[in-house]
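So you can see what is in the structure, the chains are spelled out below.
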Amino acid sequence: MTDQWMHIDDEACRRFQSSVETVGRRWSSGILLALARGANRFSEIVAAVDGLSDRMAAVRLRELEAAALVIRTVVPTTPVQVRYALTPRGRSLMAAMTPLVRWGIEDAETDAAGFEEDERRTA
């Protein structure tokens, strides 16, 4: 075992698992990305995430708010407006996810290249 992983204890592993489960829930990362790209009204978030229903958007936004990743602000106008934004913690999470997104893109390209090579071998 390499020394770089020795500093990760059981508690750190549990916290990591909890974070991954929060972000990995269906629609959560799409909502976070929509907010990071500037959507701040409920309808903008739903429109930005293909396939997201109003009901699931409401559920996930509540979960992300409870996880302190999103802040909900009620603007006292007529009619009342509700705005959503990433918290500093949410912005930090999005920055931390960037290398993982990059890895996913590179991995998909590697898989596609490997698939094409397999196709040439079997043809």
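Our subject is the structure that appears above.
Residues numbered from 1 in each chain as written. Predicted model: local features only at pLDDT ≥ 70, side-chain atom pairs only at ≥ 80, totals over all residues. Heavy atoms only, no water.

### Comments concerning the nonpolar core
Right, on to step 1. Judged by nonpolar contacts, the single largest core of 23 residues is most densely connected at Ile 31, Leu 32, Leu 35, Ile 45, Leu 52, Leu 69 and Val 70.
Right, on to step 2. Of all the secondary structure elements, the ones that give two or more residues to this core are α2 (28-36), α3 (42-48), α4 (54-66), β2 (81-86) and α5 (88-122).
Right, on to step 3. If we skip the residues at most four places from it in the chain, Leu 32 touches Val 23, Leu 64, Leu 69, Val 70, Leu 86, Leu 93 and Met 94. (Core = buried A, V, L, I, M, F, W, Y, C linked by side-chain atoms within 4.5 Å. Buried < 20%, exposed > 50% of the residue type's maximum accessible area, 1.4 Å probe, protein only. Helix = DSSP H or I, 4+ residues; strand = E, 2+ residues; numbered from the N terminus. Contact = heavy atoms within 4.5 Å.)

### Concerning α2
Right, on to step 1. Within α2, burial applies to Ser 28, Ile 31, Leu 32, Ala 34 and Leu 35. Axial view of α2: buried residues confined to an arc of 160°, hence all on one face.
Right, on to step 2. Downstream of α2 by one or two residues, Gly 38 has phi in the positive range, about 115°. (Arc of directions from axis to C-beta.)

### Notes on the pattern of salt bridges
Oppositely charged side chains may form a pair once their charged atoms are brought near each other.
Right, on to step 1. With the rule as written, the count across this model stands at four salt bridges.
Right, on to step 2. Across the pair Arg 14 and Glu 11 runs a salt bridge whose closest N-O atoms are separated by 3.2 Å. With Arg 14 and Glu 11 both in helix α1 (residues 10-24) and three residues apart, this pair spans about one turn of that helix.
Right, on to step 3. Between Arg 25 and Glu 63 there is a salt bridge, and its shortest N-O distance comes to 3.1 Å. Taken together, the positions of Arg 25 in the loop between α1 and α2 and Glu 63 in helix α4 put the pair 38 residues apart, joining distant regions of the chain.
Right, on to step 4. Taking the relative accessible area as the measure of exposure, Arg 25 reaches 41% and is therefore partly exposed.
Right, on to step 5. Here Glu 63 falls in the partly exposed class, since its relative accessible area comes to 27%. (Salt bridge = Lys/Arg side-chain N within 4 Å of Asp/Glu carboxyl O.)

### Comments concerning α1
Right, on to step 1. Its 15 residues place the ends of α1 20 Å apart at the C-alpha level, agreeing with the 21 Å of an ideal helix rising 1.5 Å per residue.
Right, on to step 2. The N-terminus of α1 is capped by Asp 9, whose side-chain oxygen sits 3.3 Å from the backbone nitrogen of Glu 11. (Expected span 1.5 Å × (residues − 1). Polar contact = N/O pair within 3.5 Å; in protein donor to acceptor, adjacent residues only side chain to side chain.)

### Comments concerning the packing of α2 against α4
Right, on to step 1. In the contact formed by α2 and α4, the axes pass within 10 Å of each other and the chain directions differ by 75°. Between α2 and α4, the crossing angle belongs to the class labelled roughly perpendicular. Of the residues in α4, those touching α2 at Ser 28, Ile 31 and Leu 32 are Ala 57, Arg 60, Leu 61 and Leu 64. (Axes fitted to C-alpha atoms, helices over the stretch in contact; angles between N-to-C directions. Parallel < 35°, antiparallel > 145°, perpendicular 65-115°, else oblique.)

### Looking at the layout of surface pockets
Right, on to step 1. Taken as a whole, the largest pocket encloses approximately 290 Å³ of empty space.
Right, on to step 2. Lining the largest pocket, in full, are Phe 16, Ser 19, Val 20, Val 23, Gly 24, Leu 93, Ala 96, Met 97, Leu 100 and Val 101.
Right, on to step 3. Going through the elements one at a time, α1 and α5 are the ones with two or more residues in the lining of the largest pocket.
Right, on to step 4. Considering only residue class, the lining of the largest pocket consists of eight nonpolar, two polar and no charged.
Right, on to step 5. Here the second largest pocket defines a volume of roughly 160 Å³.
Right, on to step 6. Around the second largest pocket sit Ser 18, Ser 19, Thr 22, Val 23, Ala 67, Leu 69, Arg 89, Ser 92 and Leu 93, which together line it.
Right, on to step 7. Elements supplying a minimum of two residues to the lining of the second largest pocket: α1 and α5.
Right, on to step 8. Considering every element that reaches the lining of the second largest pocket, the biggest residue donor is α1, with four residues.
Right, on to step 9. A per-class count over the lining of the second largest pocket returns four nonpolar, four polar and one charged. (1 Å grid on protein atoms, 1.4 Å probe; cavity = no way out; pocket = protein on both sides within 12 Å on 5 of 7 lines; lining within 4 Å. Points joined across faces, edges and corners; volume = space filled by probe spheres on them. Nonpolar A, V, L, I, M, F, W, Y, C, P; charged D, E, K, R; others polar.)

Any functional reading would require information that these geometric values do not contain.
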